[in-house]
Amino acid sequence: AREKMASEFDPAQWSNPFKSGELKKKGGMRKNWKARWFILQADNLFYFKSKAERNPIDCIPLNTVSAYKSSSAKRPYVFELHSTDFDRVYFLQANSESERTDWMNAIEKSVDSLIQKPFDVQHRIHVDFNSETGFSGLPSDWEAALKSSGITKEDVLNNSEEVLNLLQFNDQLLHNEQNAANPPTELPEESPLTLDQLISKDDPTKIYSVDPKKKVGEGAAGEVFFSVDPRSGRKVAVKKMQLNQENQKLFITEISIMKTSKHRNVVDYIESYIVGDQLWVVMEFMGGGCLTEVLEQFETVQMTEPQI
């Protein structure tokens, strides 16, 4: 497991930071955003409840991390951290475009320095007189290669660093051969959709009566109003969002996904319209309130699998 208890961390791991500062972090379980104090040092990004806290909440290992500007978060200056070492994606929000760029560059420099560094013998592999090969902590494929190489335990004990360099070179050689044998498959070209192709040309103001007094929600993207479809009597939610050049691509992606997401456990998408400089998205009305507010108000709420 990646996560540690705060007591397992060593303060020396964040005592000499390469970069530190406050960012907003999107929760993993509860999708709300909270300000956290971040410290970047070596191959770890620690985050604390506040600058005054002595122990971190947790740590994001940067060994295989890639940082991207977010196109899915409905907030400005958000970047994402992806890695093959963990399943989730971390969403972090800076206070400005320059601050976002600074953090992304700092993280990428940290990752680059790890890639360029020679294999960390002291922390991962140790000479062990009691082991079969002379090493403990070897990856299984390295250990198999060492056993079949004819290199003796005595050779390892006398020339441990040279043997490790040889194993690392052999591993890189095999990796290069595998990449050459399995070149990446080119993805088919996508025919880009336009927002005009995804929306209805009807006038929603002639279909839905949207009363400002019946606003049921509000977020960073826009406002949500209760209405009724007079053609079917169905209760609907009308989400009004400001439309501009910057968010148009995001809306195209969102609508494309919603159009194909048909399941009884997924909020039903009905239709989209452009009204002036706004995008109206009509969806199934869910009368239970805002889930985020419920989880923020009742931090001990644990939902069962059937409820989810």
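Conventions adopted
The numbering scheme is per chain: residues are counted from 1 as the chain's sequence reads. Where local features are concerned, this predicted model is filtered to residues with pLDDT of at least 70; where side-chain atom pairs are given and counted, the filter is 80 or more; whole-chain, interface and lining totals use all residues. Only hydrogens and water are set aside; all other atoms, that is, all heavy atoms of the structure, feed into the side-chain values. Secondary structure elements follow DSSP: runs of H or I no shorter than four residues count as helices, runs of E no shorter than two count as strands, and numbering proceeds from the N terminus. Throughout this description, buried means an accessible area under 20% of the type-specific maximum (1.4 Å probe, protein chains only), exposed means over 50%, and partly exposed covers the range between. Surface exposure here means Shrake-Rupley accessible area, sampled with a 1.4 Å probe, where a residue is shielded only by the protein chains that are shown. Along the chain, pLDDT gives the predictor's confidence residue by residue, from 0 to 100. Throughout, a residue-residue contact means that at least one pair of heavy atoms, one from each residue, lies within 4.5 Å. When DSSP finds at least two bridges between two strands, those strands are taken to pair. Think of each axis as a best-fit line through the C-alpha atoms, taken over the contacting stretch in the case of a helix, with angles from 0 to 180 degrees between the N-to-C directions.

Undergrad: Would you explain the overall build of the protein chain in this entry?
TA: Each helix and strand counted, the protein chain has eight helices and 14 strands in total. The 308 residues of the protein chain split such that 31% are buried. Carbon and sulfur atoms make up 50% of the accessible area of the protein chain, which amounts to about 20400 Å² in all.

Undergrad: Looking at this model, I keep getting lost on the confidence of the model for the protein chain. Mind explaining?
TA: Regions with low pLDDT should not have their predicted coordinates read in detail. When pLDDT is averaged across the protein chain, the result is 81; 83% of the residues are at 70 or more. pLDDT under 50 marks residues 1-6. Its contacts with residues more than four places away, or in other chains, come to eleven contacts. Throughout residues 116-123 the model reports pLDDT below 50, and contacts reaching past four residues in sequence, or to other chains, amount to seven contacts.

Undergrad: For this particular structure, what's the right way to read the sheet that holds strand S5 (residues 66-69)?
TA: Sheet strands pair via backbone hydrogen bonds, and the direction of the pair is either parallel or antiparallel. Spatial strand order, S4-S3-S2-S1-S7-S6-S5: seven strands in an open sheet with antiparallel pairing. The two strands at the open ends of the sheet, each matched to only one other strand, are strand S4 (58-61) and S5. Taken over all neighbouring pairs, the strand axes of this sheet differ in orientation by 35 degrees on average, direction set aside. Bridge analysis of strand S2 (residues 33-41) against strand S3 (residues 44-48) gives five bridges, and the strand direction is antiparallel.

Undergrad: What should I look at first to understand unusual backbone geometry in this one?
TA: Across the chain, the bulk of peptide bonds are trans and the bulk of non-glycine residues have phi less than zero. A positive phi angle, close to 55 degrees, is found at Ala-42, a residue other than glycine. Within the secondary structure, Ala-42 is located in the loop between S2 and S3. Despite not being glycine, Tyr-77 shows a phi value in the positive range, around 60 degrees. As for its position among the elements, Tyr-77 is in the loop between S5 and strand S6 (78-82). Judged by its relative accessible area of 32%, Tyr-77 is partly exposed.

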